[in-house]
Amino acid sequence: MPKGYTGKILHVNLTQGELIIEEPEEQFYRTYMGGSALGMHYVLKETSAGVDALSPENVLALCTGVVTGTPISGQSRLTAVAKSPLTGCIGDSQGGGFFPAQMKFSGFDAVIIKGKSPKPVFLWLHNGEAELRDAAHLWGLTTGDAEDKLKEELDDKRIEVLQIGPAGENLVNYAALISMSNRANGRTGMGAVMGSKNLKAVVVRGKQKPEIADPDTFKELQKWGTANLEATGMDGFGKYGTPSVTTPQDKVGGLPTYNFNSGTFDQAAEIDGVKLYKERLRGHERDEQNRFGRDTCFSCTVKCKRVTQIDEGPYKTEAKYGGPEYETIATFGSYCGVSEMDAIIRANALCNMYGMDTITCGATIAWAMECWAEGKLSAEDTGGIELVYGNAEAMVQMTEMIAKCEGFGKILAKGSRKAAEIIGRGTEEYLITCKGQEAPAHMPQVKRSLGIVYAVNPFGADHESSEHDGSYKAFPERMEYIGLTKPQEKLALNKEMMRFAMVTQHLFSAIDSLSVCSFIYGPAWQLYGADKLVEVVNAVTGWDVDIEELLEVGERRLNMLRAFNSREGIGRESDTLPKKMFKRPLEGGRSDGYALDEEEWERALEDYYRLCEWDVETGHPSLKKMESLGLGWVVAENEALSQVVS
Amino acid sequence: MQINLELMGPLVDYLPDSECGQTKMSLNDESTIADLLSLLKIKQRVAVAVNGEQEKEMKDLLKDGDNVMVFTNVSGG
Ligand code: SF4
């Protein structure tokens, strides 16, 4: 058997309490590689059209990939897929830390979960064995407390726990899966899906380290990574983390501010990532942030995770809840006009304690703040909380109320699109959602090909599903390796940029199927380029894949996600950007006056469809495309899909 | 000539004594962007904006009074 994976997939039926281990053939692993593609295989097979995202019939797949758990940077990631309660489309979310590697050591590549347990349970995977255990005593606990209890109960400090917090139990539509109390499979509400099944946690521990087919080459690749940290700038990225892009984004007019009405924040210096490192990271008083204020994922030399701690005051925060990423700083910060770093740190910690996506949570509050500014919301709606731009206290208070589904928080817990439907009064004008998912902190007005990917991405706006525009010009050698040799001018939205969007989307899609970190492996600035990704996969598995094969895996996964939506009757009409991006020019900074041109944008969208071989009228994948990717079975097995795909 | 220099994000470490990566810097006349980067000992690939204009080339000449911003090429996060 090829190396790297355990060959075991666990099927859990929570209704019956049934656990079955499947051992698929090698070809299955080579076709899907793991992560999102592997999970989608089961979601498409085992759910029917129109399934309710929060019903027992929804299937939640938690999947590692063929290289997870091997000692090299950027491999410890887990992908969750299921129908999303936030969007009604397919949901998909990645998260890192130590859980994914430990899940592999516990003897399983993936867990496919369906049904609903009659009472709260947790799933305990250890050295190839699986059991469901009572979790009544854990229900209602914050992630930190539940993790402590589980460590005590199982008498093992080295277990890893992937769990829902109270927000998942309360079915907040963007509840997350949390591990280590600070890593999140944040997006698309996978925590609510798990909560609806009465599954509190998956707990893993084991000693089954994956074997490596070619240890010598693998060692060389490890060494290459360490030797190239400085040349690729990944040492600085690790030190200052993703928050280090905050000020640069602001300088180029790409820092979403006041709910995406501006690309520049006049208080950006207050929420800067270097400032966060120097003045907030744990250990900063003694200049020992590198030791106490940074954290990592299993075997990753980059160590980009933040650790913050606030000992007293209203924003008191425990170190175990980590520290904010750039996305979190932007959504709770500039989106809301908030410049108090401590408030952002606290809001981040609340999301990790209660288990919520920081992007959707911060962006939903920012949307409510714009509604307030436009006179569409008042204290009467919010129970007296003044949702004024810049009100840090209200932002933090609302975050907690959302997690607990209290007062106005109950409405915002549905996400901004559903909240706008409930409130009415024209509040949908202020939405920044694609397919009902709030846009992350990169602006389609500034990064235009990324804007198309926001719109077409099957699980809604996402910033880690393709390479961003500027990289085409900046990394010509790495781009050439994936067949991209004609870099275009800034803001271009022509056919070549659509090819760039699609090809890099296929690569990121392969990355999400291998379930590896897109800061470590990618087409441009990342530590390892696509060439090295191929080498890592081959060194671990013993296969002989080339880049074309990896790109095809990515394309296969993208079409599986897309087919899921097609089956739900969701197609081109949902591939849009928020109205305000066309209608309302940005104000201030380098992007002052930027707005998208509807005609140019629609033309680009059609170019993208043609490149993908999707129907230009409907946006559905063509039968020919599905068959060429070995996905004929998806159409054949799904009546509703066969009616729309031709 | 003298330029106003601002290093962004992690690049601040190339100017450890500066205020958040900002400083005035004297350069020989006819210096290019590449000369500036080699003076700063920046080895990684970066993007440079001069007086707000982005995507400048390494061979481009600098002139007295220019406002120069140097960025890393990290674009996700
Ligand atoms: S780069 Fe950061 S997020 Fe990615 S694996 Fe390393 S520590 Fe984890």
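Here's a quick rundown of the structure.

Rules used throughout
Residues numbered from 1 in each chain as written. Chains lettered and ligands numbered in written order. Predicted model: local features only at pLDDT ≥ 70, side-chain atom pairs only at ≥ 80, totals over all residues. Heavy atoms only, no water. Contact = heavy atoms within 4.5 Å. Buried area = accessible area lost by both parts, 1.4 Å probe. Salt bridge = Lys/Arg side-chain N within 4 Å of Asp/Glu carboxyl O. Polar contact = N/O pair within 3.5 Å; in protein donor to acceptor, adjacent residues only side chain to side chain. Helix = DSSP H or I, 4+ residues; strand = E, 2+ residues; numbered from the N terminus. Nonpolar A, V, L, I, M, F, W, Y, C, P; charged D, E, K, R; others polar. 1 Å grid on protein atoms, 1.4 Å probe; cavity = no way out; pocket = protein on both sides within 12 Å on 5 of 7 lines; lining within 4 Å. Points joined across faces, edges and corners; volume = space filled by probe spheres on them. Domains from an automatic or database assignment. Core = buried A, V, L, I, M, F, W, Y, C linked by side-chain atoms within 4.5 Å. Buried < 20%, exposed > 50% of the residue type's maximum accessible area, 1.4 Å probe, protein only. Axes fitted to C-alpha atoms, helices over the stretch in contact; angles between N-to-C directions. Parallel < 35°, antiparallel > 145°, perpendicular 65-115°, else oblique. Left-handed = near helix turned anticlockwise from the far one by under 90°.

**Points about the interface of chain A and chain B**
So, step 1. Opposite the 35 residues of chain A that make contact, chain B presents 21 residues.
So, step 2. Roughly 2300 Å² of surface becomes buried between chain A and chain B when both sides are summed, with 56% attributable to carbon and sulfur atoms.
So, step 3. In this assembly, chain A and chain B are joined by four salt bridges.
So, step 4. We note a salt bridge from Lys251 of chain A to Glu6 of chain B, for which the minimum N-O separation is 3.2 Å.
So, step 5. On the surface where chain A and chain B come into contact, there are seven residue pairs in polar contact (both at pLDDT 80 or more).
So, step 6. Elements supplying a minimum of two residues to the side of chain A that touches chain B: α8 (234–240), α9 (246–251), α12 (326–332), α20 (471–474) and α21 (476–481) of chain A.
So, step 7. At four residues, the largest contribution of residues to the side of chain A that touches chain B is made by α8 of chain A.
So, step 8. Along the lines of polarity and charge, the residues of the side of chain A that touches chain B split into 13 nonpolar, ten polar and twelve charged.

**Things to note about the layout of surface pockets**
So, step 1. Quantified by volume, the largest pocket comes out at close to 960 Å³.
So, step 2. Looking at the largest pocket, it is lined by 37 residues, and the ones nearest its centre are Gly470 and Ala474 of chain A together with Ala47, Glu55 and Asn73 of chain B.
So, step 3. At the level of secondary structure, the elements contributing two or more residues to the lining of the largest pocket comprise α9 and α20 of chain A together with β3 (46–50) and β4 (67–72) of chain B.
So, step 4. Its residues placed into classes, the lining of the largest pocket shows 17 nonpolar, eleven polar and nine charged.
So, step 5. When residues of the lining of the largest pocket are sorted by domain, at least three fall in each of domain 2 (234–431) and domain 3 (448–642) of chain A.
So, step 6. Of the voids in this model, the second largest pocket is the one considered here, and its volume is about 480 Å³.
So, step 7. What lines the second largest pocket is a set of 27 residues, and nearest its centre among them are Phe98, Lys157, Ile159, Glu160 and Met180 of chain A.
So, step 8. Residue assignment for the lining of the second largest pocket shows that the elements contributing at least two residues are α3 (99–105) and α4 (143–153) of chain A.
So, step 9. Looking at which element gives the most residues to the lining of the second largest pocket, the answer is α4 of chain A, with four residues.
So, step 10. Its residues assigned to classes, the lining of the second largest pocket comprises eight nonpolar, five polar and 14 charged.

**Digging into the nonpolar core**
Note on soluble globular proteins: their nonpolar side chains tend to be buried together.
All names here are of chain A.
So, step 1. Counting residues in each nonpolar core, the largest one holds 176 residues, and the members touching the most others are Ile365, Trp367, Leu387, Met395, Ile402 and Tyr608.
So, step 2. For this core, the leading source of residues is helix α13 (residues 341–354), giving ten residues.
So, step 3. Ranked by size, the runner-up nonpolar core spans 25 residues in total, among them Leu14, Phe99, Leu125 and Ile164.

**Here's the deal with the environment of Lys197 of chain A**
Residues and elements named next belong to chain A.
So, step 1. Its place among the elements puts Lys197 in the loop between α6 (190–196) and β12 (199–205).
So, step 2. Taking the C-alpha atoms as reference, Lys197 lies 18 Å from Ala130; in sequence the two are 67 residues apart.
So, step 3. Other than its neighbours up to four places away in sequence, Lys197 contacts Leu14, Ser55, Pro56, Asn58, Leu60, Ile113, Lys114, Gly115, Lys116 and Ser117.

**Regarding the packing of helix α14 (residues 358–373) of chain A against helix α16 (residues 392–404) of chain A**
All names here are of chain A.
So, step 1. Contact geometry for α14 and α16: axes closest at 10 Å, N-to-C directions at 120°. Classed by the angle they form, the pair α14 and α16 counts as oblique. The way α14 lies across α16 gives a crossing that is right-handed. On α16, the residues touching Cys361, Ile365 and Met369 of α14 are Met395, Met398, Thr399 and Ile402.
So, step 2. For the contact of α14 with α16, the per-class residue count stands at six nonpolar, one polar and no charged.

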